[in-house]
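Descriptive structure summary
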Amino acid sequence: MFQLNFFKLQRLIFVANFAVLLIFPIKMSAQNVARQFLRDRVATMVRQMQPQGRLPGTQRLDLAIGLPLRNESGFDQLLQEIYDPTSPNFRRYLTPQQFAERFGPSESDYATVIAFAQANGLTVTGMSSDRTFVSVSGSVANVEKAFHVTMRTYRHPRENRNFYAPDTEPSLDLAVPILHITGLDNFVVPHPANLNKISMSQLANLPPNSGSGPGGTFMGQDFRNAYAPGVSLNGSGQIVGLFELDGYYPSDITAYETSAGLPNVPLTNVLVGGSGSAGKNNGEVALDIEMAISMATNLTQIIVYEGPNPLSNSQVVTILGQMASDNLAKQISSSWTIGDDPNFETKYKQFAAQGQSFFQSSGDDGAYYSGILQSADSTNVTLVGGTTLSTDSDGDWSSETTWNWYITNPPQTNSSGGGVSTTYSIPSWQQGIDMTANQGSSTKRNVPDVALTADNIFVVEDNGQHEKIGGTSAAAPLWAGFCALVNQQAVASGQPTVGFINPAIYAIGKSSFYLSDFHDITTGNNTNKTVSNKYFAVSGYDLCTGWGTPNGINLIIDLATPDTLGILPGNGFAASGPIGGPFAPNSENFSLTNTGASSLNWAAITPSWLAASPNNNTLTAHSFATVTISLNSAAAGLSLGTYTANVVFTNLTSHVAQLRQFTLQVNPIVQNGGFETGDFTGWTFDGTETSSDGFLLNGVVNARTFADDYGTNFVHSGADGLALGQPGNLAFLSQTLLTAPGQNYLLSFWMNNIGGATPNQFLVNWNTNTAATNTIFNQTNVPEIDNWTNLQFILAA
């Protein structure tokens, strides 16, 4: 039988608000507009160089005209507050819509810039939803006219090619301020980091390493065993975004997951000018995907943002803009060398404001030197260096040193990128570190910030090729995967995502619990042929591996929960059972840890149907306690339904609260109530009740009468029970109940077999809504049972 629930459907009228930008022809007059000049680093540099020639006037260039943020000083102040644990705005992130409304350039300024471009013969090829940049395309002749430059070619000082750039800093006859014009030069051509590869056939000539992959390479669970041992978090619910300039072979990813024994993580490709096909650099893309999956095995999704290859710097802006406007991936990784650009910086700051972490590999050329092309050194990006990892026979972390292939694989010269920025001043969170021993700067930005292994790594790429690789290209996506574990923990704790992690990791690095959160890399160097005296690993922060590599759950908790009270696990139990119980599971133990240097007081507040033992106490510095959360007697009094509630753990010293969610499902019971009427009311009975001599074969029996007449009590509880004893035939007792499709029900009864005479049979059927009979219990020759036995079955209607 079925109970049909009819729901009244209301007609819903959705009103969509569209931001409509109307662009009207605007007459641009140089006579009425003061010319503005833009500072261009490359244009300044080429003044000292001899031009090789001039770009043809018909050649087309793709550009991104960037506008400065509105009220940028207010935005910078808000950004500081978002990452200040003492601020009311701490981790109160903006949505892309809020970012555009509060800090995006005005619609009138944006329309004016578009009109300026069109008036100068440039074609608008794309617009950003937050109005921070306009993508345009035009001939060199029109570009020169619009920006009052001459586009010339020059010999690249380090690469075997020519590059183009304006011979002077660009200027515009435009009143609306312009931040930067990306794409006026190709001094930097975005490209993958300098990965080193060794084929599997060559590994036979090398000593084996300690990983589980071919030739002892590291793959799959090896990374979790080393950096997140015993951690149950797996990235579920989290999305990793990857900045890529090529496609990949999906079969390579599947083959890697199969080889490493990993689940299949859904992949979504977002083509931002890319074709989606796998090119010569597909190995970089495959590596990034495989590393993210290895650290966060159950990610909800990886979004691969694919741009064209080769790519212009203006298209980098488009890809970063897509990642920011989507705001889906809270952890983003890039292993491509893209350099620095003011328009990139706007997007990095937007990532931070929206709670998105951006991890950039620090490069594979070792110590930075004058003129070296750095991957990026923005103060709103987390730069990731590389290490060489050693594990023990159980796969546990054993030791690490700075990754330097010049030492381990001569004549290879690659090593963990690091050094001092020539562009950015030292940020506030990096101040207060003694830079004497590490040769860093107290006035300029120092990189990298953190590290992860970049050596001896197995990858499947190039349509089935197996390779051993080395490079910080592996370290960045591994950190993105690790950040997914952190954000999973944060969400489970009722906290926002961690966003830009640098302020937090530098606070940890300067704290007393630094060595419990990080593996401090104190050996090795990233010197190279150009720089032989820099840099060397030292205790604490250095310019080889930053603060070092993550030390599992300690760092996860301290990043996810900005408080000295750490609580594990991240989720409460989900219990179920019949009305009145019993319920399973009934309890769960939580570990409370004080990671701080001072004592703290804590308390646990529970809903009416849960209890905490103990429910408050004091934790001394670096101590821990166990708290048991269990169902109490009130749970037995709950009616049919599903109950969800939070236990609130509060650090009474810092006033930070953390939530753990518990669920209790109370199921209906299929029962008659012990035949309390003394007959078969509510039941259908089929069978012979008495023999020819009047002896009871089957029927309802009264506890007292039956005991008096036969000396045996056939009743477990209550006044009456059912006796079944007809020889030669089965008697059937059935009941039809109203059920809800898909709902679970508990069938429970007590059975006793007195005497154990054979042959006998006991059969239990459950009928589905299709009237097909399901046999759930069928036993013949049941032996004598001395005590009552309770049979329980959870059944779905």
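A quick note: this is a predicted structure, and the numbers were derived from the prediction, not measured.

Notes on the overall build of the chain
- Assigned secondary structure in the chain consists of 17 helices and 45 strands.
- In the chain, which comprises 797 residues, the share counted as buried stands at 52%.
- When contacts within the chain are restricted to residue pairs at least 6 apart in sequence, long-range pairs at least 24 apart make up 73% of them.
- Accessible surface computed for the chain: about 34600 Å², of which carbon and sulfur atoms make up 50%.

Brief notes about helix H9 (residues 282-295)
- With 14 residues, H9 ought to run about 20 Å at 1.5 Å a step, and its terminal C-alpha atoms sit 21 Å apart, in line with that.
- Of all 14 residues in H9, 14 are buried; the element is thus mostly enclosed.

Here we look at the sheet that holds strand E21 (residues 415-425)
- Within the open sheet, the three strands sit side by side as E18-E21-E22. Their pairing is mixed. Strands at the two margins of the open sheet, each flanked by one partner only, are strand E18 (365-367) and strand E22 (444-447). Taken over all neighbouring pairs, the strand axes of this sheet differ in orientation by 40° on average, direction set aside.
- The pairing of E18 with E21 spans two bridges and is classified as parallel.

A word on the pattern of salt bridges
- Evaluation of the coordinates by the stated rule reveals eight salt bridges.
- In this structure, Asp76 and Lys349 form a salt bridge, with 2.7 Å as the shortest nitrogen-oxygen distance. Of this pair, Asp76 sits in helix H2 (residues 72-82) while Lys349 sits in helix H11 (residues 342-353), and the two are 273 residues apart along the sequence.
- With a shortest N-O distance of 3.8 Å, Arg152 and Asp167 are connected by a salt bridge. Here Asp167 lies in the loop between strand E7 (162-166) and strand E8 (171-172) and Arg152 lies in strand E6 (residues 151-155), a separation of 15 residues in the sequence.
- Within this structure, Glu72, Asp76 and Lys349 form a network of salt bridges that share partners.

Regarding the pairing of strand E17 (residues 357-361)
- The element E17 is extensively covered by neighbouring structure, given that five of its five residues are classed as buried.
- Here strand E15 (residues 331-334) pairs with E17 via four bridges, running parallel. Its bridge partner lying in E17, Ile332 is registered against Phe358.
- Note that E17 and strand E19 (residues 382-391) share three bridges and pair parallel. Bridging from a neighbouring strand, Phe359 pairs with Thr382 of E19.

Quick notes on the environment of Leu697
- By secondary structure assignment, the location of Leu697 is in the loop between strand E38 (684-686) and strand E39 (698-702).
- Residue Leu697 is classed as buried on the basis of its relative accessible area, which comes to 14%.
- Sequence separation between Leu697 and Ala723 is 26 residues, and the spatial gap between their C-alpha atoms is 7.3 Å.
- In this structure, Leu697 is in contact with Thr688, Glu689, Thr690, Ser691, Ala723, Leu724, Gly725, Gln726 and Pro727, ignoring residues within four places of it in sequence.

Here's the deal with the layout of surface pockets
- Roughly 1100 Å³ of internal volume is contained in the second largest pocket.
- In this structure, the second largest pocket is lined by 37 residues; those nearest its centre are Tyr83, Asp84, Pro85, Phe90 and Pro503.
- Among the elements of the structure, H2, helix H14 (502-509), helix H16 (552-560) and strand E36 (656-667) are those that each provide at least two residues to the lining of the second largest pocket.
- A per-element tally of the lining of the second largest pocket places H14 first, with four residues.
- For the lining of the second largest pocket, a count of residues per class yields 19 nonpolar, 11 polar and seven charged.

Brief notes about the side chain of Glu290
- Here Glu290 is to be found in helix H9.
- Once residues lying within four places of it in the same chain are set aside, the contact partners of Glu290 are Asp252, Ile253, Tyr256, Val459 and Val460.

Thoughts on the environment of Gln354
- In this fold, Gln354 is placed in the loop between H11 and E17.
- For the pair Gln354 and Gly499, spaced 145 residues apart in sequence, the C-alpha separation works out to 7.4 Å.
- Sequence-distant contacts of Gln354, defined by excluding residues within four places in its chain, comprise Tyr93, Leu94, Thr95, Pro96, Phe99, Ala324, Asn327 and Lys330.
- Side-chain polar atoms of Gln354 contact the backbone oxygen of Ala324, separated by 3.0 Å.
- A distance of 3.5 Å separates polar atoms of two side chains, one belonging to Gln354 and the other to Asn327.

Examining the confidence of the model for the chain
- Chain-level pLDDT for the chain is 87 on average; 88% of the residues reach the 70-or-more range.
- The low-confidence segment residues 1-31 (pLDDT under 50) makes 28 contacts with residues lying over four places distant or belonging to another chain.

Some thoughts on the packing of aromatic side chains
- One pass over the structure, following the stated rule, counts 27 aromatic pairs.
- Each ring, one from Tyr514 and one from Phe518, has its centre 5.9 Å from the other, and the planes form 40°; the classification is tilted.
- Exposure remark for Phe518: the relative accessible area of 2% places this residue in the buried category.
- When the ring of Phe573 is compared with that of Phe662, the centres are 4.9 Å apart and the planes differ by 85°; the resulting orientation is edge-to-face. Separated by 89 residues along the polypeptide, Phe573 in the loop between strand E28 (565-568) and strand E29 (574-578) and Phe662 in strand E36 bring together distant segments of the chain. Neither residue differs from the other here; Phe573 and Phe662 are each classed as buried.
- Aromatic ring contacts, followed pair by pair, group Tyr83, Tyr93, Trp429, Phe500, Tyr506, Tyr514, Phe518, Tyr541 and Trp547 into a single cluster.

A look at the packing of H2 against H11
- Two numbers describe how H2 lies on H11: the axes approach to 10 Å, and their chain directions differ by 45°. Here H11 runs oblique to H2, going by the angle between their axes. Judged by the twist between their axes, the crossing of H2 over H11 is left-handed. Along the contact surface, H2 presents Glu72, Phe75, Asp76, Leu79 and Ile82, while H11 presents Lys349, Gln350, Ala352 and Ala353.
- By residue class, the composition of the contact of H2 with H11 is five nonpolar, one polar and three charged.

A look at the sheet that holds strand E35 (residues 641-651)
- Pairing in this open sheet of five strands is mixed, and the strands run E29-E36-E35-E31-E33 from one edge to the other. In this open sheet, the two strands that pair with only one neighbour each are E29 and strand E33 (616-619). Averaged over all pairs of adjacent strands, the angle between their axes in this sheet comes to 20°, without regard to strand direction.
- Pairing of strand E31 (residues 600-605) with E33, which is carried by four bridges, proceeds in the antiparallel orientation. Its bridge partner lying in E33, Asn601 is registered against Thr618.

Focus on helix H13 (residues 472-492)
- Taking 1.5 Å of rise per residue, the 21 residues of H13 would be expected to cover 30 Å, and the 30 Å separating its terminal C-alpha atoms lies within 8% of that figure.
- Taken across its 21 residues, H13 has 20 buried, putting it largely inside the fold.

Thoughts on the packing of helix H8 (residues 250-260) against H9
- Put simply, H8 and H9 touch, their axes get as near as 10 Å, and they point 35° apart. Where H8 crosses over H9, the two elements pack in a sense that is right-handed. Of the residues in H9, those touching H8 at Asp252, Ile253, Tyr256 and Glu257 are Asn282, Ala286, Ile289, Glu290, Met291, Ile293 and Ser294.
- Tallied by class, residues from the contact of H8 with H9 come to six nonpolar, two polar and three charged.

How each quantity is defined
Residues numbered from 1 in each chain as written. Predicted model: local features only at pLDDT ≥ 70, side-chain atom pairs only at ≥ 80, totals over all residues. Heavy atoms only, no water. Helix = DSSP H or I, 4+ residues; strand = E, 2+ residues; numbered from the N terminus. Buried < 20%, exposed > 50% of the residue type's maximum accessible area, 1.4 Å probe, protein only. Contact = heavy atoms within 4.5 Å. Areas by Shrake-Rupley, 256 points an atom, 1.4 Å probe, with all protein chains shown as cover. Expected span 1.5 Å × (residues − 1). Pairing = 2+ DSSP bridges. Axes fitted to C-alpha atoms, helices over the stretch in contact; angles between N-to-C directions. Salt bridge = Lys/Arg side-chain N within 4 Å of Asp/Glu carboxyl O. 1 Å grid on protein atoms, 1.4 Å probe; cavity = no way out; pocket = protein on both sides within 12 Å on 5 of 7 lines; lining within 4 Å. Points joined across faces, edges and corners; volume = space filled by probe spheres on them. Nonpolar A, V, L, I, M, F, W, Y, C, P; charged D, E, K, R; others polar. Polar contact = N/O pair within 3.5 Å; in protein donor to acceptor, adjacent residues only side chain to side chain. pLDDT = per-residue confidence, 0-100. Phe/Tyr/Trp six-rings, centres within 6.5 Å; stacked < 30°, edge-to-face > 60°. Parallel < 35°, antiparallel > 145°, perpendicular 65-115°, else oblique. Left-handed = near helix turned anticlockwise from the far one by under 90°.

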